[in-house]
Amino acid sequence: MTSSHPPMSLIQEQDKIKLDPKPGFVIKTKILESRDSSQVFTKVFINICHDPQVPKPSIDFEPEVVFPMIIENRWEIPIVSSNVKESKDKKGFPSLVYDCCINDECFRWCQISKDLKLILIEWCIESIELINSITLERDYSTPKMLSKGDLTQTELTKDELSNLGFQKLNELQQNEALGVIEELKLGGDDDEEEEDLPDLFNIGRDGGPKKPLIEEI
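Here goes a summary of the coordinates provided. (Residues numbered from 1 in each chain as written. Predicted model: local features only at pLDDT ≥ 70, side-chain atom pairs only at ≥ 80, totals over all residues. Heavy atoms only, no water.)

Digging into the pattern of salt bridges
- According to the stated counting rule, one finds eight salt bridges in the structure shown.
- Residues aspartate 89 and lysine 43 are paired through a salt bridge, measuring 3.1 Å at the closest nitrogen-oxygen approach. Placement of aspartate 89 in the loop between β5 (85-88) and β6 (94-102) and of lysine 43 in strand β3 (residues 43-50) is noted, with a sequence separation of 46 residues between them.
- Lysine 56 serves as the salt-bridge partner of glutamate 105, at 2.7 Å between the closest nitrogen and oxygen. Here lysine 56 lies in the loop between β3 and α2 (63-71) and glutamate 105 lies in helix α3 (residues 104-112), a separation of 49 residues in the sequence.
- The partly exposed category is assigned to glutamate 105, whose relative accessible area is 24%. (Salt bridge = Lys/Arg side-chain N within 4 Å of Asp/Glu carboxyl O. Helix = DSSP H or I, 4+ residues; strand = E, 2+ residues; numbered from the N terminus. Buried < 20%, exposed > 50% of the residue type's maximum accessible area, 1.4 Å probe, protein only.)

Below is the structure:
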């Protein structure tokens, strides 16, 4: 007796989505701790890239709405992390490369908001740490390149994409993202003294003038 239903393997194959990320920017850091002791102090490059097929948060980015939600662990940008790739730095030393892919619109939000970009970088670092059981140096740099090597065309099912879910920050090994927010609250980078960063813990509260979160350039 012949079944009229297609085989499960064919259904699964049809259900797969291949991401074709576009380059964005690169983070360079190094491994501080790893189960594999030979990896310690190895350079790590994280490609922050984007694809429209990656889901975005259910609430669009509005600083006054979103930053308080981040503080309360109720909003984050879904990230698809690639498997590790072996590479070499410009001096020829071995290095490791990971891709962190987000939605196109989320990437544009991070181009508009420096604060959101800093928080995204922390989320990407935490994602790599959790998946690979390593600890990365937080004193990272941003090389002048769009990507380190070719970007990975990650293949996922529709269910995997839709179930990226929200990773509660209190379940992470280190709650560094809130530390980034605290830094922004306390004054931000010393290199840009002329720029006033928003008081993320007092958005929308009465009393005193409110500084704009996004200024036109």
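The structure having been displayed, the exposition proceeds.
Side note on the side chain of histidine 50
- Relative to the helices and strands, histidine 50 resides in strand β3.
- With a relative accessible area of 14%, histidine 50 lands in the buried category.
- A distance of 2.8 Å separates polar atoms of two side chains, one belonging to histidine 50 and the other to aspartate 104.
- What histidine 50 contacts, discounting residues up to four positions off in sequence, is Pro21, Lys22, Pro23, Cys101, Ile102, Asn103, Asp104 and Phe107. (Polar contact = N/O pair within 3.5 Å; in protein donor to acceptor, adjacent residues only side chain to side chain. Contact = heavy atoms within 4.5 Å.)

These figures capture arrangement, not role.
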